[in-house]
Protein chains: 2
Amino acid sequence: MKIDIQTRVFAANELAAAENRKYLDSKKLFCLNMISSPGSGKTTILSKTITDLKGKMEIAVVEGDIQTELDAQRIRNAGASAVQINTHGGCHLNAEQVAIALKKLEIKGPGLVIIENVGNLVCPSAFELGEHAKVVVLSTAEGDDKPVKYPATFAKASAVIINKIDLLGHVDFDMQRVRADITQLNPKCEIVELSARTGRQMDRWYCWLTENTVA
Amino acid sequence: MKIDIQTRVFAANELAAAENRKYLDSKKLFCLNMISSPGSGKTTILSKTITDLKGKMEIAVVEGDIQTELDAQRIRNAGASAVQINTHGGCHLNAEQVAIALKKLEIKGPGLVIIENVGNLVCPSAFELGEHAKVVVLSTAEGDDKPVKYPATFAKASAVIINKIDLLGHVDFDMQRVRADITQLNPKCEIVELSARTGRQMDRWYCWLTENTVA
């Protein structure tokens, strides 16, 4: 019984995700699904990216949160179109919620749509949203054991951003261990170290974006 | 249909949780359910607590993780009995898993059992495990917007530990805002600021433990 219901939930989600992908492709929109723990710095990375790439890349954002419009407001303050989805307790976004949000975004392709998923390193990776690639964010403050403890999420990432490198030295974080663990799970995954707060090495992320986000 | 299934899942869990509570009370074991994002420092807090309270308080730990025995091993290294539950993708512990683990713990009451839930600020708060109280851990590196963004979890806490105060000054974290937001959601909640890494103000947490954990 449990398996039947789960299978049906996933099948309905896959259908909606395939529709989202068709819609995105028809508009020449490349779409990233951004996944991390709460507080890894997703919204800070996005705000800075929008500010720095203004005039170079068209970007719009779908914000997923349990509650509040705080993150969508931060994105709008940075100058991009943002639609907030509130899941009211739901621990991940699903493709049907994203379908509604995509229609409300003010963006003409070609461009980039970034979906900031609910802060959760577990459930979001199980639900395809129609995205072209997943980006996982890990902050140095979370510790260096996260890839081995949350392997399913890291195994599906096209890129992992290691954020808050400005805290290295103040936290226990072995960068070499993290790089090795991610590479073992996911050999093709790009790993980008940066600090969105200080702006250090953000250009490495912009390089990845420019090279990899063509719908 | 969805509601029926959910109702049955929660009802089965509630029954198992009530059984766990009876078992704990019969052994004079006080039980805490510790909930946080990945990487907030739960295991570091527990390891330090076990070391510092050795001889003063009997403590055993149930460790919840998607995968690996890493955390249980850290607890055993600190000198306490620990049983690891691997959820293999599951984003929270349930009462039936905990029932099995409790029977395996090597602890004679009176004493304290701490359940370290899967790192996730969303789902664990919806599943009672039979605990006497919930403790939520928030690290300063996660940012000061977490109580308003994850209100259900903070609303159910008997105590919130604000960990990594050694990083204040290196991160954007308004302690007054966090205290005010938690108190608005949950006026009786105790808020304990500390750094498990440096040991600063751990005594405040030990005071709370001593005063509040009598089965």
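Predicted model, so just to flag it, every value in this text is computed and none were measured.

(A) Up close: the packing of aromatic side chains. Residue and element names in this part refer to chain A. Tallied over the entire structure, the rule returns four aromatic pairs over all chains. With centroids separated by 5.0 Å and ring planes inclined at 35 degrees, the aromatic side chains of Phe10 and Phe127 adopt a geometry described as tilted. One end of the pair, Phe10, is in helix α1 (residues 2–26); the other, Phe127, is in the loop between β4 (111–116) and β5 (133–139), with 117 residues separating them in the sequence. Given the relative accessible area of 11%, Phe127 is considered buried. Here the aromatic rings of Trp205 and Trp208 are separated by 5.8 Å at their centres, their planes lie at 10 degrees, and the arrangement is stacked. Residue Trp205 and its partner Trp208 are located together in helix α8 (residues 202–212), separated by three residues, close to a single helical turn.

(B) Main features of the sheet that holds strand β6 (residues 159–163) of chain A. Residue and element names in this part refer to chain A. Strand order in the open sheet formed by seven strands is β3-β2-β4-β1-β5-β6-β7, with parallel pairing between adjacent strands. Strands with a single pairing partner mark the edges of an open sheet, and in this sheet they are β3 (81–86) and β7 (190–193). Sheet twist, expressed as the average angle between the axes of neighbouring strands with direction ignored, equals 20 degrees. Where strand β1 (residues 29–36) lies against β4, six bridges are found, and the strand directions are parallel. Paired with Leu32 across the two strands is Ile114, which belongs to β4. Strands β2 (59–65), β3 and β4 of the sheet are contacted by helix α3 (residues 70–78), whose axis makes an angle of about 175 degrees with β3. Those strands touched by helix α4 (residues 95–104) are β2, β3 and β4, and its axis lies near 155 degrees from that of β3.

(C) Representation of the pattern of salt bridges in the model. Evaluated as defined, the whole model comprises 24 salt bridges over all chains. The shortest N-O distance in the salt bridge between A:Lys22 and A:Glu19 comes to 3.4 Å. Pair noted here: A:Lys22 and A:Glu19 are both in helix α1, with a separation of three residues, about one helical turn. Note on A:Glu19: relative accessible area 46%, which makes it partly exposed. A salt bridge links A:Lys149 to B:Asp71, with the shortest nitrogen-to-oxygen separation between them at 2.6 Å. You can see A:Lys149 sitting in helix α5 (residues 146–149) and its partner B:Asp71 sitting in helix α3 (residues 70–78), one on each of two chains. Among the residues examined, A:Lys149 registers a relative accessible area of 6% and is labelled buried. Where salt bridges share partners, they join A:Asp65, A:Asp71, B:Asp145, B:Lys146 and B:Lys149 into one cluster.

(D) Representation of the sheet that holds strand β4 (residues 111–116) of chain B within the structure. Residues and elements named next belong to chain B. Read across the sheet, seven strands follow the order β3-β2-β4-β1-β5-β6-β7 without closing on themselves; strand pairing throughout is parallel. Unpaired on one side and paired on the other, β3 (81–86) and β7 (190–193) mark the two borders of the sheet. The sheet shows a mean angle of 20 degrees between the axes of neighbouring strands, direction not considered. Taken strand by strand, helix α4 (residues 95–104) contacts β2 (59–65), β3 and β4, and its axis lies near 155 degrees from that of β3. The strands that helix α8 (residues 202–212) touches are β1 (29–36), β4, β5 (133–139), β6 (159–163) and β7; relative to β1, the one it contacts most, it runs at about 140 degrees.

(E) Examining the interface of chain A and chain B more closely. In this complex, chain A contributes 38 residues to the contact, which on the side of chain B involves 38 residues. Around 2,800 Å² of area is buried between chain A and chain B when both sides are counted, 59% of it from carbon and sulfur atoms. Our enumeration of links across chain A and chain B arrives at six salt bridges. One salt bridge connects A:Arg197 with B:Asp172, and the closest N-O pair in it is separated by 3.0 Å.

(F) How the structure looks around the side chain of A:Asn120. Tracing the backbone shows A:Asn120 in the loop between β4 and β5. Excluding anything up to four places from it in sequence, A:Asn120 contacts A:Ile35, A:Ser36, A:Ser37, A:Pro38, A:Cys91 and B:Asn120.

(G) Representation of empty space enclosed by the protein within the structure. For the coordinates displayed, the defined rule picks out one cavity of 30 Å³ or more. One number sums up the size of the largest cavity: a volume of about 40 Å³. Partitioning the lining of the largest cavity into residue classes produces four nonpolar, five polar and four charged.

(H) Fine view of the pairing of β6(A). Residue and element names in this part refer to chain A. Burial analysis of β6 places five of its five residues in the buried class, which makes it a mostly covered element. Of the two faces of β6, the one carrying Ala159, Ile161 and Asn163 and the one carrying Val160 and Ile162 are both buried. Looking at chain direction, β5 and β6 are connected through five bridges and run parallel. Bridging from a neighbouring strand, Leu138 pairs with Ile162 of β6. Where β6 meets β7, four bridges bridge the pair, whose relative direction is parallel. The partner of Val160 across the bridge, within β7, is Ile191. Crossover connection from β6 via helix α7 (residues 175–185) to parallel β7: handedness right-handed.

The rules behind the values
Residues numbered from 1 in each chain as written. Chains lettered and ligands numbered in written order. Predicted model: local features only at pLDDT ≥ 70, side-chain atom pairs only at ≥ 80, totals over all residues. Heavy atoms only, no water. Phe/Tyr/Trp six-rings, centres within 6.5 Å; stacked < 30°, edge-to-face > 60°. Helix = DSSP H or I, 4+ residues; strand = E, 2+ residues; numbered from the N terminus. Buried < 20%, exposed > 50% of the residue type's maximum accessible area, 1.4 Å probe, protein only. Pairing = 2+ DSSP bridges. Axes fitted to C-alpha atoms, helices over the stretch in contact; angles between N-to-C directions. Contact = heavy atoms within 4.5 Å. Salt bridge = Lys/Arg side-chain N within 4 Å of Asp/Glu carboxyl O. Buried area = accessible area lost by both parts, 1.4 Å probe. 1 Å grid on protein atoms, 1.4 Å probe; cavity = no way out; pocket = protein on both sides within 12 Å on 5 of 7 lines; lining within 4 Å. Points joined across faces, edges and corners; volume = space filled by probe spheres on them. Nonpolar A, V, L, I, M, F, W, Y, C, P; charged D, E, K, R; others polar. Right-handed = clockwise from strand over helix to strand, strands pointing away.

Scope: geometric values only; no functional claims are made or implied.
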